[in-house]
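Examining the three-dimensional arrangement
These are the residues of each chain, in order.
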Amino acid sequence: MNHQILLAYLEIFRGEIMQTSSQIRTYNRNECITFRKTKEAFGGLSNMAGGYPLIVNGIHILTSEALYQACRFPHLPDIQKLIIAQNSPMTAKMKGKPYRDQSRSDWERVKVQIMRWCLRVKLLQNWDTFGQLLLETGDKAIVEDSHKDDFWGAIPTNDNQLIGVNALGRLLMELRKYLKEDANSLKSLKPLEIPDFIFLSKPIEFLTLKDENHTLSIQEKQLIIPLIPEITLESNVSLDQTKEFYREETIITDTNIEKTEKDDNIFDGWVLPKLEKILQNYQSYDQILQHFKTVNKKQMQDWMKLAVELGKVKKIEKPVRYIWYSAYESESNLLKARKISQSRNTRKTQLKSSQKSKSNVTQESTQLSLI
Ligand SMILES: Nc1c(N[C@@H]2O[C@H](COP(=O)(O)O)[C@@H](O)[C@H]2O)[nH]c(=O)[nH]c1=O
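Residues numbered from 1 in each chain as written. Predicted model: local features only at pLDDT ≥ 70, side-chain atom pairs only at ≥ 80, totals over all residues. Heavy atoms only, no water.

**Details of unusual backbone geometry**
- Going from K318 to P319, the amide bond is cis rather than trans, its omega being -5°.
- One can find P319 in the loop between β12 (313-316) and β13 (321-324).
- Unlike most non-glycine residues, D196 shows phi in positive territory, near 50°.
- Among the structural elements, D196 can be located in the loop between β8 (188-189) and β9 (198-199).
- Phi at K318 takes a positive value of approximately 50°, unusual for a residue other than glycine.
- If you trace the backbone, K318 turns up in the loop between β12 and β13. (Helix = DSSP H or I, 4+ residues; strand = E, 2+ residues; numbered from the N terminus.)

**Points about the pairing of β13**
- As paired elements, β12 and β13 share four bridges and run antiparallel to each other. Looking at β13, one finds that K315 is bridged to Y322.
- Hairpin connection between β12 and β13: a loop of four residues separates the two successive antiparallel strands, and K318 in this loop has a positive phi of roughly 50°. (Pairing = 2+ DSSP bridges.)

**So, the confidence of the model for the protein**
- Looking at the protein as a whole, its pLDDT mean stands at 78, while 72% of the residues score no less than 70.
- In the predicted structure, residues 11-19 sits below a pLDDT of 50 and forms 15 contacts with residues beyond four places in sequence or in another chain.
- Contacts from residues 356-371, a stretch scored under 50 in pLDDT, to residues over four places away or in other chains number 14 contacts.
- As a predicted assembly, this complex carries a pTM of 0.62 together with an ipTM value of 0.93. (pLDDT = per-residue confidence, 0-100. Contact = heavy atoms within 4.5 Å.)

**Comments concerning the site of the ligand**
- Around the ligand sit 13 residues in total, of which N47, E65, K93, R100 and E144 are the nearest.
- In the environment of the ligand, an oxygen atom lies 2.5 Å from a nitrogen or oxygen atom belonging to the side chain of E65.
- Note that an oxygen atom of the ligand is positioned 2.9 Å from one of the side-chain N or O atoms of R72.
- Here the ligand loses 89% of its free accessible area of 510 Å² to cover by the protein chains.
- Using a 2 Å cut-off from the grid points, one finds that the ligand occupies the largest pocket.
- The residue inventory of the shell around the ligand, partitioned by class, reads six nonpolar, two polar and five charged. (Near = heavy atom within 4 Å. Polar contact = N/O pair within 3.5 Å; in protein donor to acceptor, adjacent residues only side chain to side chain. Areas by Shrake-Rupley, 256 points an atom, 1.4 Å probe, with all protein chains shown as cover. 1 Å grid on protein atoms, 1.4 Å probe; cavity = no way out; pocket = protein on both sides within 12 Å on 5 of 7 lines; lining within 4 Å. Sits in = over half its atoms within 2 Å of the grid points. Nonpolar A, V, L, I, M, F, W, Y, C, P; charged D, E, K, R; others polar.)

**Looking at the nonpolar core**
- Among the nonpolar cores identified, the biggest contains 60 residues, and L45, V56, L67, I114, W117, W152 and L172 are the most heavily contacted of them.
- When contributions to this core are tallied by element, the ones reaching two or more residues are β2 (32-35), β3 (54-56), α2 (64-70), α3 (77-84), α5 (107-125), α6 (127-136), β5 (141-144) and α7 (167-181).
- When residues of this core are assigned to their parent elements, the largest contribution, eleven residues, is made by α5.
- M48, M94, L306 and Y322 belong to the second-largest nonpolar core, a separate cluster that totals 26 residues. (Core = buried A, V, L, I, M, F, W, Y, C linked by side-chain atoms within 4.5 Å. Buried < 20%, exposed > 50% of the residue type's maximum accessible area, 1.4 Å probe, protein only.)

**Quick look at the sheet that holds strand β6 (residues 155-156)**
- Within the open sheet, the three strands sit side by side as β1-β7-β6. Their pairing is antiparallel. The open sheet has two edge strands, β1 (25-28) and β6, and neither has a second partner.
- Looking at chain direction, β6 and strand β7 (residues 161-164) are connected through two bridges and run antiparallel. Bridging from a neighbouring strand, P156 pairs with L162 of β7.

**Some remarks on the layout of surface pockets**
- Its volume calculated, the largest pocket comes out at about 910 Å³.
- Along the walls of the largest pocket sit 37 residues, with M48, M90, K93, E144 and L310 positioned nearest its centre.
- Sorting the residues of the lining of the largest pocket by element identifies α2, α4 (89-96), α5 and α12 (266-278) as the ones contributing at least two each.
- Its residues assigned to classes, the lining of the largest pocket shows 13 nonpolar, six polar and 18 charged.
- Taken together, domain 1 (3-233) and domain 2 (247-371) each give at least three residues to the lining of the largest pocket, which thus spans both. (Points joined across faces, edges and corners; volume = space filled by probe spheres on them. Domains from an automatic or database assignment.)

**Brief notes about the packing of α5 against α6**
- Closest axis-to-axis distance for the α5/α6 pair is 5 Å, and the angle between their directions is 115°. Facing L119, K122, L123, L124 and Q125 of α5, the residues of α6 in contact are W127, F130 and G131.
- For the contact of α5 with α6, the class distribution of residues is five nonpolar, two polar and one charged. (Axes fitted to C-alpha atoms, helices over the stretch in contact; angles between N-to-C directions.)

**Quick look at the side chain of N166**
- Its place among the elements puts N166 in the loop between β7 and α7.
- Looking at N166, its side chain comes within polar contact range of the side chain of Y27, at 3.1 Å.
- Residue contacts for N166: discarding those within four places in its chain leaves Y27, I142, V143, E144, D150, F151, W152, G153, A154 and M173.

**Observations concerning the pairing of β7**
- Taking every second residue as pointing to the same face, the buried face of β7 carries L162 and G164, while none of Q161 and I163 on the other face is buried.
- Bridging between β1 and β7 involves four bridges; their strand directions are antiparallel. Across the sheet, the residue bridging to Y27 is L162, located in β7.
- Counted along the chain from β6 to the antiparallel partner β7, the turn is four residues long.

Given below as structure tokens:
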């Protein structure tokens, strides 16, 4: 094998090493800081969390998730624009999904480095808030608790364990370590030394702490907010509906700016909580639509698709119906328990009818209850 090919293989191997089985970790929930929903105590650690705005090459970006997803497409500035124009980080992720096969060709190899860089941007530009949140995790392991992503997060196996590579949690722990031991080294950030590290057609710039308070000023945060109505329009909600939503949910004033940041995401802040309430039982698409009277069909379809993709909602076919994931899980556990108890009863009846001894019956039913 020639030298260069060997080097290329080595690089790929280095990039993918985090995905190998030796990288899998098991965490005990009681001993870690876990986060899943952005509104939980440590939800701010999620890339999906609002309230940690960024500026790269002079462009406002609402979340580290949007920045990370945009980094897939340095050669496709229109897709980058589409991604960062979304109000919801989950929608930002989904908007890039149809183009994933056009991600930069070395994406799998560089994505961990890119995530590390995105987290550093998040800290650099939200020094007090994000820094404090990171330090509040103490010395505990940080774990992204995920339904199905055991690369970036870890999946719960029973009440107390989570298993996965937990790449995001580990990058956050690494960042916390630097913050504790060498905070000054995090106060500026060089662009990554990878080819085509480009955002909206320009090489990504060298970043430094923004202002005296190390965070974006209120004025800067307000500059970000006017983006929201345009974006919502793009997803087929009428201007009136948009205005109505923001009138009710997020009237922008200096005093409630924090609330605005938290609620600046329709999908996270409004759609998901509503779905969680409605979908404690199976519901058809039309039944769901009844609960979202002001929303048009296409938008609702997109949201349902997103909720399913993100593992929040389970979709069942024939006929199509939906249920909130944890309700689905408890229902299937109930069904499993029922099946076990039915098969135990059947077994007992069979055993009785074949007139086995009493001790045999006890032994068999004990074995079945262990399944
Ligand atoms: N799947 C998931 C999250 N996963 C997030 O998605 C990002 C990785 O995207 P990708 O590399 O394109 O798969 C990364 O930020 C990871 O933390 N987050 C959430 O709140 N909810 C989810 O359901």
